[in-house]
Amino acid sequence: MSEGTADRQLRDRARAVIPGGMYGHQVAPGAAYPQFMRGGRGARVWDVDGNEYVDLMCSYGPVVLGHQHPAVEAAARAQAAIGDCLNSPGPVMVDLAELLVQTVRHADWAIFAKNGTDATTMCCTIARAQTGRNKILVATGAYHGAAPWCTPRPAGVTAADHANLGYYTFNDLASVRQAAAEAADDLAGILVSPFKHDAGYDQELVDPAFARGLRALCDATGAALILDDVRCGFRLHLGSSWEPVGVDPDLSAWSKAIANGRALAAVLGNDAFREGAKQVFVTGSFWFSAVPMAAAVATIGALREEKAIEAMRTKGEALRDGILDQARSWDLAVNYTGPPVMPYLTFAGDAGHELAGVFAAQALRGGAYLHPRHNWFVSAAMTGDDLALVLEATDQAFAAVRKHLGQ
Ligand SMILES: Cc1ncc(COP(=O)(O)O)c(C=O)c1O
């Protein structure tokens, strides 16, 4: 934890050479949290002072099968022994594109990149190239990455960066229709998350009628329906997260879990948008590295073989049931929202996240690494012992909240 000497020393050194000592969401979410981690295996991680935690953040999403998954690591090592960053991509790029097209129902093609922001940005560019129009609709408050057009912070961003965006409210079809009417014949696409997972707010599952309404609107206008599956992809379903909802997007953005922690992103699309995808110029020095692609092939194989989606759901449901029982027994009013594999806990009336902070800090001391202002992630590596340890820690965390409230 932060009191530990190794973490403190690293923070001191970082302050001198890294602006602010750390940036983005990697800033430790509270004083009790370590800023630097040493390693991880399965569902456990260690900070630089050797404290061990059950990992309920999964590196903010990338680690879906658990840290150091043997089959994924073996595939990555085997590819690294041959070559990684070469003059052109390896055969594994085609293997992976074929596998994704087989795995994700709406996909007829794939393009690879590194980060989720690359993928969401590329989806917008392809939608514009295909339609010859400019405007993209986004849900107010939704996170789609850290580029100037989508960063939640205003510093360094110009009005022009947002000039081609329109805004709607998630799950409110009338607001989408209104924004589409304002975009008129300049509507290139509608960008949407599989469910509402804005950091710091209670989560909201998608209303299937809303998803169908977006599809119908895009069909009627020729705009692209773009699903941002960066955070949810391969956690809710082994395919697009809206396959169980019965709605296929035209384009989808992926990253995080697709290579179990290796740097990789993908845009998947249907044939109607293939021409636009051919026209745009997209590339990056490291986008064709073969090691993350080999890791992705192994990840998708392991997700299927290990029935990982079901395993995560079962553990996620047990975690939810345990936590809600505890909240009841401590007589604390909580909202536990989102799918069980990506839950988020808030306390009634705790708009400033004060109680969430007390809860998370005590859970951390008890060995459960979760977050007070961001949804959590349940990995397929979580064992019964891990779950028991988490529930012991969360029980103490509820006790700390009770104490904080002075009762
Ligand atoms: C829904 C969503 N879209 C896009 C991104 C951006 O991904 P990256 O941080 O890899 O650029 C994120 C990252 O958290 C995300 O959750």
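Residues numbered from 1 in each chain as written. Predicted model: local features only at pLDDT ≥ 70, side-chain atom pairs only at ≥ 80, totals over all residues. Heavy atoms only, no water.

> What should I look at first to understand the side chain of D250 in this one?
Following the sequence through the fold, D250 ends up in the loop between β8 (224-228) and β9 (251-254). For D250, the side chain forms a polar contact with the side chain of R215, separated by 3.0 Å. Ignoring any residue separated from it by four or fewer positions in sequence, one finds D250 in contact with H106, R215, A223, A224, L225, L268, G269, N270 and F273. (Helix = DSSP H or I, 4+ residues; strand = E, 2+ residues; numbered from the N terminus. Polar contact = N/O pair within 3.5 Å; in protein donor to acceptor, adjacent residues only side chain to side chain. Contact = heavy atoms within 4.5 Å.)

> Which parts of the structure should I look at to understand the packing of helix α6 (residues 173-183) against helix α7 (residues 208-221)?
Each pair of packed helices can be described by the angle between their axes along with the distance between the axes. One way to put it is that α6 packs onto α7 with a least axis distance of 10 Å and a crossing angle of 20°. As the angle between them shows, α6 and α7 are arranged roughly parallel. Considering only the axes of α6 and α7, their crossing is right-handed. Two secondary-structure elements touch here, α6 through L173, V176, R177 and A180 and α7 through A209, F210, G213, L214 and L217. Class assignment of the residues belonging to the contact of α6 with α7 gives a composition of seven nonpolar, one polar and one charged. (Axes fitted to C-alpha atoms, helices over the stretch in contact; angles between N-to-C directions. Parallel < 35°, antiparallel > 145°, perpendicular 65-115°, else oblique. Left-handed = near helix turned anticlockwise from the far one by under 90°. Nonpolar A, V, L, I, M, F, W, Y, C, P; charged D, E, K, R; others polar.)

> I would appreciate a short explanation of the site of the ligand in the present structure.
Neighbouring the ligand are the residues N115, G116, T117, Y143, H144, G145, H197, D228, V230, R231 and K256. D228 places a side-chain nitrogen or oxygen 2.7 Å from a nitrogen atom of the ligand. Interatomic distance of 3.0 Å between a side-chain N/O atom of K256 and an oxygen atom of the ligand. Here the ligand loses 89% of its free accessible area of 390 Å² to cover by the protein chains. (Near = heavy atom within 4 Å. Areas by Shrake-Rupley, 256 points an atom, 1.4 Å probe, with all protein chains shown as cover.)

> In this structure, what is going on with the sheet that holds β9? I would like to understand it.
Sheet strands line up and pair through hydrogen bonds in the backbone, either parallel or antiparallel. Overall, mixed pairing links the seven strands, which are arranged β4-β10-β9-β8-β7-β5-β6 in an open sheet. The two strands at the open ends of the sheet, each matched to only one other strand, are β4 (109-113) and β6 (165-168). Along the sheet, successive strands turn relative to each other by an average axial angle of 20°, direction set aside. Looking at chain direction, strand β7 (residues 187-192) and β8 are connected through four bridges and run parallel. Each bridged residue has a counterpart across the sheet, and for G189 the counterpart in β8 is A224. Strand contacts of helix α4 (residues 116-131): β4, β5 (135-139), β7, β8, β9 and β10 (265-269), with the helix running at about 165° to β9, the strand carrying the most contacts. (Pairing = 2+ DSSP bridges.)

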